[in-house]
Amino acid sequence: MLVVVCIKQVPDTTQVKIDPVTGNLIREGVPFIMNPFDTHALEEGLRLKGKYGLNVAVISMGPPNTEITLRKALALGVDNAVLLSDRAFGGADTLATSKVLAEATRQLAQKEEVVIVLCGKQTIDGDTAQVGPGIATRLGYSQLTLVEHIENIDLQAKKIIARRKLEGRDEVVEASLPAMISVVREINTPRYPTVPMRLMAEGATVTLWDNKEMKLNEETIGLKGSATQVRKIFSPERAVGEILGDGAANPDEAANLLIDKLSEGGLILI
Amino acid sequence: MTNSILFLTIFLISISFFGWSCFRYFRLITLGKAENRFDHLGKRIRDLFLYSFAQRCSISGSYRFGVNHAILFWCFMILLVANTEFLLAGIFPDYINLANLPTGLYYTIALIFDIASLLALLAVLTAAGRRLFFPPKYIEARTRDAFFILGMVAVLMLAFFGLHSSEIAQGSERAALYMPISSFVASSILPGASTESLISLANISWWIHAIVLLCFLNYLPYSKHMHILTVIPNSFFKRLTRMSLQPREEFNKGNVFGVGQVDQFTWKALFDSYCCTECGRCSDVCPATSTNKPLNPRLVIHDIKENLLTNGPMLINKEQAKLPLIGGGQDGSIDEEVIWECTTCGACMEVCPAFIEHVPRITDMRRDLVEMKARFPQELLNFFENMEQRSNPWGIAPAERTKWAAKINVQPFEAGKTECLFFVGCAGAYDARSRHVTLAVTKILDSAGVSWGILGKDEPCCGDSLRRLGNEYVFDRMVKENIEMFKEKGVRKVITQCPHCYHTLKNDYRRYGIELEVVHHTELINNLIKEGRLELTQTRDLGNIAFHDSCYLGRYNNIYEAPRKAIALATNQAPVEMERHHDRSFCCGAGGGRMWMEEKIGKHINVLRIEEAMKENPETICVCCPYCMTMFEDGLKDKGADNRVKVLDLAEIIAKAIK
């Protein structure tokens, strides 16, 4: 049985700047990293492998250089890494992306039964949190988002019990398998690759699937298949801040002013 | 005749047993990996004489009691000749006898032996007395063992005098006049004794001497006195650099990285473990041991030895080792937390009189934990990721590396246009406090007319902490990239303000085939003052300045005087020395990657050092390292003394004094 982990290679956002004139992202020279939330999804997949003896495959849609990120996943111990790369996939929004990832999962499922698809709760570049649910919808899987702990998986009864982290409360839910699970950072601490595994990963095969392999209708994927189109990227104007009181001279007063301000805005309850 | 046959039998049995013990022990050394310690023969032979025969380490520094060891050592060397003769004469009484030598020579030898025996007896009594009545706190190990061996030596000496004085009393010793002590015993204790009793005293003494001597020989390999056999060769094998540099690793598939099993150490590391005299000096100076942490360098070496003795015979037979080297929770196994507590300050290696190299052993084992097992304190996960992704410990964007220079005019480094690269370092570029030091350095460089430039956002981390923490794989990749860039940009001369950058760029990078001319700002400042390129007014408003030696400047690179001279010239007063200074300086607690880890056990090392500094009533503490800066400032806050005492980098003191 197989766990499929979807990962995305994203620009290291702490190093991304926006061109003030054109409003475009300056990506030149910005290193790529594995989307931080996805590192937790990957870790959870590897833990399931250890606990339930499942195989783990990672898939990623992206340009050819995404191979570097897939090799990192191989160094951490996944069994199979598939790069979904084709010009036809380019420019995709969350809808078109989820179609490609869902199709890849479907094709993997033809060889080995897929029980769980793991995703990070969102990516740090798009921040939409839509791709995971999109995959679940397209595959007809149960979807559990914002999972902070997988309590139990019953492979016989095809049931999973997981705890979701919601605002101000937790929710323990049961769902039937196969399921798509998107994880929050609290779910685990990612492992670090050993050197022998890194060296193994350097020479390991990353499977490449282009659209000849995937056979998706080109009208439904990539830029053409995207329901949203990017018209402009800009930094939102930030309202000028305000200094409350004089914290250095009278910290108590400043703290009280802050509390008043927060309760006025309905941000805290007193 | 019967006697000599009986003795020959005993002698052969015991010498075979001794030979077998030695074979058993030294065969295990061959399990170790290769390492060349036969290079620079001239220098090695010189060290052999300097350190073994001249006993330089025993007597060094504050360990004045080592004089006693030196006396014992020399008596031992002399009596080695005496005892060889004694044993051979016991076997071939008709052929071997010193008395057969030419008269003059015989008398001289007799005199030397007699006096050496007395000195040895006195030295042994002094050593025993010291252990009984004035035990130094760092002597903690196997006191019973020590008394046993001291007792044996004392009995040997007493038997020597018993034998010779009874011979003198019988009138059968022609060198009596030249054996003042034996003669004294003969004349004061033995007069009037019958010939028979004198003969039996001589006989008994002879046999006691013979048996104890053979016991002593056989006891050696099983006690800390094994060092008698190993330290002399180890002074030949000793490292030739101040701090031994960890070798590089070859990252090929199938290789083993670091040391997770005792046979993965080099033979020298294994040999070291046989050299420990259990003197406790390393424990005495170790910052971790001194603050009640489980790490004790002496025990690390002891555990390596125990592990070798337990696993070695199995490994020789190609069987599985049964006692894990790391994390076995028993004697002969080293706990993981112990391995992470080392600050790599090198104080243990500096004081070890047996030339044991403790720090590289700890890094070897860190390599195993990081590279083979990916097991390390959780705080390090972020650190490793940040270093790999953003080439700095905090993971701050490289674009922010030049923020410190927002208000000044800085040239980018360009070969031909600028002479020196000012390698700002991660702390100097990102740490709010260290940025002031960076600015002070630039002020000094400019006012002395030094031609310098920076790499700005392209400046990488040197990788120091990665290497000390055992993440050699990432270090290796970073260094290769960095060197590529240095070569591309034509970097030759480098100025650093961090001793860790300094040591890494200067000494570690050399192994990667780049010889950079690296200078730390302390040396540079001192040179600029000497050359008259800095005009200083003497500032006096800093009060008493206590100076702290940074490990990576001092012990690692022998820079002690440059900062002191500079302070003296800038303030017209020599800095105040703390109790521990120069090569005995006490670490701030941040080296060896400890900067990035929590200090969870025992007293904080920086607080202990601050308490030491406060004894000198300083108004200012001068440091030369960004880590020391952080640790001292934190320590002062901890003690609530940060409003009375300030911590300044040498560059800041000098910058204040510039006209």
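Here the structure is a predicted model, which means the values were calculated and not measured.

> Before we move on, can you summarise the overall build of chain B with the specific residues and values?
If you tally the helices and strands in chain B, you get 28 helices and eight strands. If one aligns the C-alpha atoms of chain B with their principal axes, the spans along those axes are about 100 × 60 × 45 Å. Taken across its 659 residues, chain B has 59% of its residues classed as buried. Restricting to contacts in chain B with at least 6 residues of sequence separation, those with at least 24 account for 79%. By element, 58% of the accessible surface of chain B is carried by carbon and sulfur atoms, the whole surface being about 27600 Å². For chain B, the distance from the average position of its 72 positive side-chain charges to the average position of its 70 negative side-chain charges is 2 Å.

> How would you explain the packing of helix α2 (residues 67-76) of chain A against helix α5 (residues 195-203) of chain A if you had to name every residue and give the values?
All names here are of chain A. Look at α2 against α5: their axes get within 8 Å of each other, and the N-to-C directions meet at 135°. By the angle class used here, α2 and α5 are oblique. Seen from above, α2 lies across α5 with right-handed handedness. Note on element contacts: α5 touches α2 through Met 197, Arg 198, Met 200, Ala 201, Glu 202 and Gly 203, opposite Arg 71, Leu 74, Ala 75 and Leu 76.

> Please set out the packing of aromatic side chains residue by residue, giving values where relevant.
Aromatic ring pairs are reported here in terms of the distance separating the ring centres and the angle at which the planes meet. Residues and elements named next belong to chain B. The final tally for this structure, using the stated rule, is 41 aromatic pairs over all chains. Measuring from ring centre to ring centre gives 5.4 Å for Phe 383 and Trp 596, while their planes differ by 15°; the resulting arrangement is stacked. One end of the pair, Phe 383, is in helix α17 (residues 379-390); the other, Trp 596, is in the loop between β6 (576-577) and α26 (605-614), and 213 residues separate them in sequence. One exposure class covers both Phe 383 and Trp 596, and it is buried. Aromatic rings pair up to connect Phe 17, Trp 20, Tyr 25, Phe 26, Phe 38, Tyr 222, Phe 236, Phe 237, Trp 267, Phe 271 and Tyr 274 into one cluster.

> Before we move on, can you summarise the interface of chain A and chain B with the specific residues and values?
Each side of the interface is counted separately: chain A has 18 residues, and chain B has 24 residues. Counting the surface chain A buries against chain B, the share from its top three residues, Tyr 192, Val 195 and Leu 199 of chain A, is 40%. Summed over the shared surface of chain A and chain B, the number is two salt bridges. One can count five residue pairs in polar contact (both at pLDDT 80 or more) joining chain A with chain B. If one sorts the elements of the side of chain A that touches chain B by residue count, α5 of chain A sits on top with seven residues. Its residues assigned to classes, the side of chain A that touches chain B shows nine nonpolar, five polar and four charged.

> Explain unusual backbone geometry to me, using residue names and the numbers behind them.
Pro 178 of chain A follows Leu 177 of chain A through a cis peptide bond whose omega is 0°. Assignment of secondary structure puts Pro 178 of chain A in the loop between β11 (169-176) and β12 (179-183). For Glu 278 of chain B, which is not a glycine, the phi torsion comes out positive at approximately 55°. Looking at the secondary structure, you find Glu 278 of chain B in the loop between α10 (267-273) and α11 (281-285).

> Let's hear about the environment of Leu 146 of chain A: which residues, and what values?
Residue and element names in this part refer to chain A. In this fold, Leu 146 is placed in strand β9 (residues 142-154). Along the primary structure Leu 146 and Ala 204 are separated by 58 residues, whereas in three dimensions their C-alpha atoms are 32 Å apart. Ignoring any residue separated from it by four or fewer positions in sequence, one finds Leu 146 in contact with Lys 121, Arg 163, Arg 164, Lys 165, Leu 166, Ser 182 and Val 184.

> Just give me the short version of the side chain of Ser 205 of chain B, but keep the residues and values in it.
Residue and element names in this part refer to chain B. Within the secondary structure layout, Ser 205 lies in helix α8 (residues 195-219). Overall, the relative accessible area of 5% leaves Ser 205 in the buried class. If sequence neighbours within four positions are ignored, Ser 205 has contacts with Ala 159, Gly 162 and Leu 163.

Conventions used here
Residues numbered from 1 in each chain as written. Chains lettered and ligands numbered in written order. Predicted model: local features only at pLDDT ≥ 70, side-chain atom pairs only at ≥ 80, totals over all residues. Heavy atoms only, no water. Helix = DSSP H or I, 4+ residues; strand = E, 2+ residues; numbered from the N terminus. Buried < 20%, exposed > 50% of the residue type's maximum accessible area, 1.4 Å probe, protein only. Contact = heavy atoms within 4.5 Å. Areas by Shrake-Rupley, 256 points an atom, 1.4 Å probe, with all protein chains shown as cover. Lys, Arg positive; Asp, Glu negative; His and termini not counted. Charge placed at Lys NZ, Arg CZ, Asp CG, Glu CD. Axes fitted to C-alpha atoms, helices over the stretch in contact; angles between N-to-C directions. Parallel < 35°, antiparallel > 145°, perpendicular 65-115°, else oblique. Left-handed = near helix turned anticlockwise from the far one by under 90°. Phe/Tyr/Trp six-rings, centres within 6.5 Å; stacked < 30°, edge-to-face > 60°. Buried area = accessible area lost by both parts, 1.4 Å probe. Salt bridge = Lys/Arg side-chain N within 4 Å of Asp/Glu carboxyl O. Polar contact = N/O pair within 3.5 Å; in protein donor to acceptor, adjacent residues only side chain to side chain. Nonpolar A, V, L, I, M, F, W, Y, C, P; charged D, E, K, R; others polar.

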